[in-house]
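Read off the chains here:
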Amino acid sequence: MKKYIRLYLYNFVSLWVVSNILAGINFKGGYQTLALTALALTLVNLLIKPLINILFLPLNLLTLGLFRWLTNVVTLHLVTIIIPEFEVSGFNFPGFSQGNFVILPTYLSRFWVLVIASFIISFIVSFLNWLNK
């Protein structure tokens, strides 16, 4: 039981961080929607993600696991369907420049926002799991 509560808290923190980093992630109901979205993400990761992994198994085997990120994108998209107050939309990225490192301004579509958000969520949850062990 502690494992599931911990996973819920990790998802809550990661969704909060992602919503502060990416302008395309919005919670219409505030923290209540954030908590409900974290619960839905936890349940989808525990119940539906293994089925999605089985569906994408041939693609993962062919690419030696390179497309494993696609399962995270699909699970995050499923959460947007389950929780209508959790909104993922495209936005205009203003660009970034630090010394010789430059990222040009561009429009990020909903798909790319889902991809970036799933990477950040996965990284934060993995990092928090690593800290806990």
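Figured I'd write up the structure that's included with this text. (Residues numbered from 1 in each chain as written. Predicted model: local features only at pLDDT ≥ 70, side-chain atom pairs only at ≥ 80, totals over all residues. Heavy atoms only, no water.)

**So, the overall build of the protein chain**
Scanning the protein chain for helices and strands turns up 5 helices and 6 strands. Put simply, the protein chain runs from its N terminus to its C terminus through helices and strands in the order α-β-α-α-α-β-β-β-β-β-α. Computed over its C-alpha atoms, the radius of gyration of the protein chain comes to 16 Å, within 12% of the 14 Å expected for a compact globule of 133 residues. Judged by the C-alpha coordinates and their principal axes, the protein chain covers about 45 × 40 × 30 Å. Split into buried and exposed, the 133 residues of the protein chain put 34% on the buried side. Long-range pairs, those at least 24 residues apart, make up 62% of the contacts in the protein chain between residues at least 6 apart in sequence. Element-wise, carbon and sulfur atoms account for 71% of the exposed surface of the protein chain, whose accessible area totals about 8,500 Å². (Helix = DSSP H or I, 4+ residues; strand = E, 2+ residues; numbered from the N terminus. Rg over C-alpha atoms; globule rule 2.2 N^0.38 Å. Buried < 20%, exposed > 50% of the residue type's maximum accessible area, 1.4 Å probe, protein only. Contact = heavy atoms within 4.5 Å. Areas by Shrake-Rupley, 256 points an atom, 1.4 Å probe, with all protein chains shown as cover.)

**Thoughts on the packing of aromatic side chains**
Summed over all chains, the structure comprises 8 aromatic pairs. Between Phe67 and Trp69 the ring centres are 5.9 Å apart and the planes differ by 35°, which places this aromatic pair in the tilted class. Taking the relative accessible area as the measure of exposure, Phe67 reaches 28% and is therefore partly exposed. Each residue in the set Phe67, Trp69 and Phe119 is aromatic and connected to the rest through ring pairs, giving one cluster. (Phe/Tyr/Trp six-rings, centres within 6.5 Å; stacked < 30°, edge-to-face > 60°.)

**Some details on the side chain of Ser14**
Within the element layout of this structure, Ser14 appears in helix H1 (residues 2–21). Apart from residues lying up to four places away in sequence, Ser14 is in contact with Ile121, Ile124 and Val125.

**A few points about a positive patch on the surface**
A cluster of basic residues, Lys2, Lys3, Arg6 and Lys133, forms a positive patch at the surface. One can find Lys2 in helix H1. (Patch = residues over 30% accessible without salt bridge, like charges linked within 9 Å, V, L, I, M, F, W, Y side chains within 5 Å. Salt bridge = Lys/Arg side-chain N within 4 Å of Asp/Glu carboxyl O. Lys, Arg positive; Asp, Glu negative; His and termini not counted. Charge placed at Lys NZ, Arg CZ, Asp CG, Glu CD.)

**Observations concerning the environment of Gly30**
Structurally, the position occupied by Gly30 is in the loop between strand E1 (25–27) and helix H2 (31–55). Among the residues examined, Gly30 registers a relative accessible area of 33% and is labelled partly exposed. Between the alpha carbons of Gly30 and Phe86 there is a distance of 9.6 Å; along the sequence they are 56 residues apart.

**Considering unusual backbone geometry**
Phi angles above zero are rare outside glycine, and Leu64 is one such case at about 55°. Along the chain, the position of Leu64 falls in the loop between helix H3 (57–62) and helix H4 (69–82). For Leu64, a relative accessible area of 79% corresponds to the exposed category.

**A short note on a nonpolar patch on the surface**
Where nonpolar side chains cluster on the molecular surface, the patch consists of Met1, Tyr4, Ile5, Leu9, Leu36, Leu39, Leu43, Leu46, Leu47 and Ile48 and spans about 950 Å² of accessible area. Listed by contribution, the elements that provide at least two residues to the nonpolar patch are H1 and H2. Ranked by residues supplied to the nonpolar patch, first place goes to H2 with 6 residues. Among the structural elements, Ile48 can be located in helix H2.

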